[in-house]
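Reading the structure
Single-letter residue listing:
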Amino acid sequence: MTLSDRLGRPLRDLRISVTDRCNFRCVYCMPREVFGPGYAFLKRDELLTYEEITRVARVLVELGVEKIRITGGEPLVRRDLHELVARLRVIPGLRDLTLTTNGSLLAQQAKRLAEAGLQRVTVSLDSLDDAVFRAMNDVGVGVETVLEGISAAGEAGLWPIKVNAVVKRGVNDHTVVDLARYFKGTGIIVRFIEFMDVGATNGWKLEHVVTGREIVEMIDREMPLEPAEANYRGEVAQRWRYRDGSGEIGVITSISQPFCGDCTRLRLSPEGELFTCLFGAKGHDIRGLLRGGASDEELRERIAAVWRAREDRYSELRTAETAGLPKVEMSHIGG
Ligand code: SAM
Ligand code: SF4
Ligand code: SF4
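Cut-offs and rules
Counting restarts for each chain, with residues numbered from 1 along the sequence as it is written. Written order decides the labels, with chains lettered from A and ligands numbered from 1. The predicted origin of the model limits local features to residues at a pLDDT of at least 70 and limits the giving and counting of side-chain atom pairs to 80 or more, whereas totals for whole chains, interfaces and linings rest on all residues. Values shown for side chains rest on all heavy atoms present in the structure; no hydrogens or waters enter the calculation. The rule for a residue being near a molecule or strand is that one of its heavy atoms must lie within 4 Å of it. In this classification, Asp, Glu, Lys and Arg are treated as charged, Ala, Val, Leu, Ile, Met, Phe, Trp, Tyr, Cys and Pro as nonpolar, and every other residue, Gly included, as polar. Think of it in three bands: with a 1.4 Å probe and only protein chains considered, a residue is buried below 20% of the maximum accessible area for its type, exposed above 50%, and partly exposed in between. Numbering goes from the N terminus for both helices and strands, where a helix is a DSSP run of H or I of at least four residues and a strand is a run of E of at least two. Two strands pair under a simple rule: DSSP has to find at least two bridges between them. Convention used here: a crossover is right-handed provided that the path from the first strand, over the helix, to the second strand proceeds clockwise when the strands point away from the viewer. Take the number of residues in a helix, subtract one, and multiply by 1.5 Å to get its expected span. The contact criterion used is simple: two residues touch if any of their non-hydrogen atoms lie within 4.5 Å. It is the directions from the helix axis to the C-beta atoms whose arc is reported. Here a polar contact is recorded for every N or O atom pair within 3.5 Å, except that within protein the pair must consist of a potential hydrogen donor and a potential acceptor, and residues adjacent in sequence are included only if both atoms are side-chain atoms. For the area figures, the Shrake-Rupley method with a 1.4 Å probe applies, and any residue is considered shielded solely by the protein chains shown. Residues grouped as a nonpolar core are buried Ala, Val, Leu, Ile, Met, Phe, Trp, Tyr and Cys residues, joined through side-chain atoms within 4.5 Å. When a carboxyl oxygen of Asp or Glu is within 4 Å of a side-chain nitrogen of Lys or Arg, the pair counts as a salt bridge.

**Things to note about the site of ligand 2**
Taken together, the neighbourhood of ligand 2 is formed by Cys22, Phe24, Cys26, Tyr28, Cys29, Met30, Gly73 and Asn102. Across the shell around ligand 2, the residue classes tally to six nonpolar, two polar and no charged.

Pasting the structure below:
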């Protein structure tokens, strides 16, 4: 029996955020005025252990999850992440295990992550212009470091690699075409993401959003594109193929063309709360159950009840007012 939410959507994907910490301070995600030295990050004993995460993941796979993405914060700042990968990898029924990272620590870790069973990676890289990229990550990490991470991932066999770029008007929109051109023909798929009103600290305004349509038009003018079919129902990115056959790009249009109707994603926060929407204000605590001695059956019942009650479709209902409502931070729940 397939578990469905109130809008008939099955549970298929799990995103696990393993930490709320990050070594970057991307202006659109963890602005340093907010995430400065006084910011109260989670304490070590508040985080789910790898054992606890794996137990929740196993139950979720039994309930229908096929794909797991590890994220954060920056997942590679959590110690020995490959050990979590190795535990998740052997869950019976799991089809796909991937990771989203800012790439700054990937050159050192790609090989051992692949050996532990990681299948693919998505690396965030917002611009190839070093000055623009440094200004966006706001910690002075250069483009070269991330490119080294990407090539280490390639050598370790973590294919197909995707590159995520958030586009913010007036900040990096003039570098979109260069980014697309650089990866064209390499097999690496760049996915351009509309700047979203996640969290409550990134000063989001509609005028900062460059729509997927604008992005496709910019690229198409120089390197002609045609639409491609979705790989599967619920795919987040819209696919566009280069007409000369040299690969594809994606656009993630959660602002201009929301896709809640196909949203099959559940998110687990670092301290063990389940979020049924990226834009949720409150999660459902699971850590209490884990640490209170609940059986697998009790866990399963609780989690299934959370999914059955789900009716989120934030992006379809977004208005100027909802953008200002309290929401979980992206750096906490992990994109
Ligand atoms: N630190 C890792 C990274 O940057 O890839 C993983 C976590 S990060 C929160 C996951 C993705 O969310 C990244 O690709 C990032 O660019 C994207 N992201 C963060 N804030 C965003 C925003 N306001 N709008 C759109 N995407 C955002
Ligand atoms: Fe860190 Fe990723 Fe957020 Fe940038 S987008 S601040 S790298 S969590
Ligand atoms: Fe899914 Fe919520 Fe995003 Fe809609 S707004 S696609 S329900 S995460």
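**Points about the pairing of strand β5 (residues 162–167)**
With six of six residues buried, β5 lies mostly within the body of the structure. Residues Lys162, Asn164 and Val166 point to one face of β5 and Val163, Ala165 and Val167 to the other, with burial holding for every one of them. Two strands pair when backbone bridges link them, and strand β4 (residues 120–124) and β5 are joined in this way by three bridges, in the parallel orientation. Paired with serine 124 across the two strands is asparagine 164, which belongs to β5. Inspection of the sheet shows β5 paired to strand β6 (residues 189–194) by six bridges, in the parallel sense. Looking across to β6, one finds that alanine 165 is bridged to phenylalanine 192. At this point the chain moves from β5, through helix α6 (residues 176–183), to the parallel β6, and the crossover so formed is right-handed.

**Some points on helix α1 (residues 50–62)**
A rise of 1.5 Å per residue sets the reference length of α1, with its 13 residues, at 18 Å; its end C-alpha atoms lie 18 Å apart and thus fit the reference within 8%. All buried positions along α1 are accounted for by Tyr50, Glu52, Ile53, Thr54, Val56, Ala57, Val59, Leu60 and Val61. Where α1 is buried, its residues touch β1 (13–17), β2 (67–71), α2 (81–89), β10 (265–268), α8 (287–291) and α9 (296–308). Backbone geometry just after α1 places glycine 64 at a positive phi near 130 degrees.

**Some thoughts on helix α7 (residues 212–222)**
Turning to α7, its buried residues number three or more, namely Gly212, Ile215, Val216, Met218 and Ile219. In an axial view of α7, the angular spread of the buried residues amounts to 160 degrees, which keeps them on one side of the axis. Residues of α7 that are exposed and angled more than 90 degrees away from the buried face: Arg213 and Arg221. At its buried positions, α7 is contacted by β5, α6, β6, β7 (225–227), β8 (238–242) and β9 (248–252).

**A word on the site of ligand 1**
Near ligand 1 there are 19 residues, and of these Gly73, Glu74, Ser124, Val166 and Met196 occur at the shortest range. Glutamate 74 has a polar side-chain atom sitting 3.2 Å from a nitrogen atom of ligand 1. Note that an oxygen atom of ligand 1 is positioned 2.6 Å from one of the side-chain N or O atoms of serine 124. In isolation ligand 1 has 550 Å² of accessible area, and contact with the protein removes 94% of it. When contributions to the shell around ligand 1 are tallied by element, the ones reaching two or more residues are β3 (96–101), β5 and β6. The residue inventory of the shell around ligand 1, partitioned by class, reads eight nonpolar, nine polar and two charged.

**Some words on the sheet that holds β6**
Sheets are built from strands that pair by backbone hydrogen bonding, the pairs being arranged parallel or antiparallel. Spatial strand order, β7-β8-β9-β6-β5-β4-β3-β2-β1-β10-β11-β12: 12 strands in an open sheet with mixed pairing. If you trace the sheet from one side to the other, it starts and ends with β7 and β12 (284–285), each paired once. Sheet topology places β3 next to β4; four bridges connect them, and they run parallel. Looking across to β4, one finds that threonine 101 is bridged to valine 123.

**Considerations on the nonpolar core**
Ile150, Phe192 and Ile219 are the most contacted members of the largest nonpolar core, which has 105 residues in total. Top contributing element to this core by residue count: α1, with seven residues. Setting aside its immediate chain neighbours within four residues, phenylalanine 192 contacts Ala165, Val167, Val176, Leu179, Ala180, Ile215, Ile219, Ile249, Gly250, Val251 and Ile252.

**Thoughts on the environment of leucine 84**
Within the element layout of this structure, leucine 84 appears in helix α2. For leucine 84, a relative accessible area of 0% translates into the label buried. For the pair formed by leucine 84 and leucine 274, sequence separation is 190 residues and the distance between their alpha carbons is 18 Å.

**Points about unusual backbone geometry**
Tryptophan 159 connects to proline 160 through a cis peptide bond whose omega is -10 degrees. Assignment of secondary structure puts proline 160 in the loop between α5 (143–155) and β5. Within the chain, aspartate 80 stands out as a residue other than glycine whose phi angle is a positive 50 degrees. Residue placement: aspartate 80 occurs in the loop between β2 and α2. The exposure class assigned to aspartate 80 is partly exposed, which follows from its relative accessible area of 31%.

**What to know about the pattern of salt bridges**
Applying the stated criterion across every chain, the model contains 23 salt bridges. Of the charged contacts, one joins lysine 184 and aspartate 244 as a salt bridge, the two residues approaching to 2.6 Å between their closest N and O atoms. Linking lysine 184 in the loop between α6 and β6 with aspartate 244 in the loop between β8 and β9, this pair joins segments that are 60 residues apart in sequence. Looking at lysine 184, the relative accessible area reads 23%, which means it is partly exposed. Taken together, the shared-partner salt bridges in this structure form one network comprising Asp5, Arg9 and Arg310.

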